[in-house]
Amino acid sequence: MIDFQTDSVEMPDIDEKLVCRWLNAVAASYEKIVGNLCYRFCSDDVILETNRQFLQHDYYTDVITFDYSLGRKVGGDVLISLDTVASNAEGLGVAYGRELLRVIVHGLLHLCGEKDKAPGEREKMEAAENRALDLYDELKSAL
């Protein structure tokens with residue numbers, strides 16, 4: 001089950017049914033199934049406090065993923081700062097909606113085993129994000 005919640009922000013304009021279908025397809029491409037997965041959209045203030053409290057990091061970020069996966073069943077809490085998504089989209093010159101989708105799938109990709117901290121991992125993560133975004137486009141065009 002995939003759930004979308006907000007904390008101190010307005011719910012972003014996403015097609016929840018399509019996004020759920022997409023996330024399930026991405027997980028399946030890793031031979032995983034989606035269990036309990038909660039996306040919580042928040043402000044920079046909330047994500048900074050979460051980063052400090054749980055990860056001892058004193059900086060803003062776009063996404064924090066808490067992994068509760070068991071075996072093939074992926075699940076967890078994915079906290080997304082809509083403020084940072086907006087500023088990243090502007091800085092990268094991409095549409096806000098597209099950057100939001102990238103961050104949404106980024107959280108799931110971590111649950112599927114993708115990493116992005118060690119040398120070479122970031123490039124692999126970006127390639128996985130791009131493949132997932134292509135899949136989203138395919139699913140959307142098939143509607």
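Right, let's get into the overall build of the protein chain. Counting its secondary structure elements, the protein chain contains five helices and four strands. When the helices and strands of the protein chain are listed from N to C terminus, the series reads β-α-β-α-β-β-α-α-α. A compact globule built from 143 residues would reach a C-alpha radius of gyration of about 15 Å, and the protein chain, at 14 Å, matches this within 12%. Its C-alpha atoms give the protein chain principal-axis dimensions of about 40 × 30 × 30 Å. Looking at the protein chain as a whole, 43% of its 143 residues are labelled buried. Residue pairs at least 24 apart in sequence account for 63% of intrachain contacts in the protein chain once pairs closer than 6 positions are excluded. Accessible area for the protein chain stands at about 7,900 Å²; split by element, carbon and sulfur atoms hold 50% of it. Taking the average location of the 15 positive side-chain charges in the protein chain and that of its 26 negative ones, the two points are 8 Å from each other.

The next subject is the sheet that holds strand 2 (residues 33–42). Ordered by their spatial adjacency, four strands build an open sheet running 1-2-4-3, and the pairing between neighbours is mixed. The two strands at the open ends of the sheet, each matched to only one other strand, are strand 1 (2–7) and strand 3 (63–67). Neighbour to neighbour, the strand axes of the sheet diverge by 15° on average, direction disregarded. Across five bridges, the pairing between strand 3 and strand 4 (residues 73–81) is antiparallel. Note on strand 4: the bridge partner recorded for isoleucine 64 is leucine 79. Lying over the sheet, helix 2 (residues 44–55) contacts strand 1, strand 2, strand 3 and strand 4, oriented at roughly 45° with respect to strand 3.

Judged by nonpolar contacts, the single largest core of 35 residues is most densely connected at Val19, Trp22, Leu23, Tyr39, Phe41, Ile80 and Ile104. Mapped onto this core, the elements with two or more residues apiece are strand 1, helix 1 (16–29), strand 2, strand 4, helix 3 (82–92), helix 4 (96–111) and helix 5 (121–141). The element best represented in this core is helix 4, accounting for eight residues. Every residue in contact with tryptophan 22, bar those within four places of it in the chain, is listed here: Leu101, Ile104, Val105, Ala132, Leu133, Leu135, Tyr136 and Leu139. Counting six residues, the second-largest nonpolar core is a separate cluster that includes Cys42, Ile64, Phe66 and Leu79.

The rules we used
- Residues numbered from 1 in each chain as written.
- Predicted model: local features only at pLDDT ≥ 70, side-chain atom pairs only at ≥ 80, totals over all residues.
- Heavy atoms only, no water.
- Helix = DSSP H or I, 4+ residues; strand = E, 2+ residues; numbered from the N terminus.
- Rg over C-alpha atoms; globule rule 2.2 N^0.38 Å.
- Buried < 20%, exposed > 50% of the residue type's maximum accessible area, 1.4 Å probe, protein only.
- Contact = heavy atoms within 4.5 Å.
- Areas by Shrake-Rupley, 256 points an atom, 1.4 Å probe, with all protein chains shown as cover.
- Lys, Arg positive; Asp, Glu negative; His and termini not counted.
- Charge placed at Lys NZ, Arg CZ, Asp CG, Glu CD.
- Pairing = 2+ DSSP bridges.
- Axes fitted to C-alpha atoms, helices over the stretch in contact; angles between N-to-C directions.
- Core = buried A, V, L, I, M, F, W, Y, C linked by side-chain atoms within 4.5 Å.

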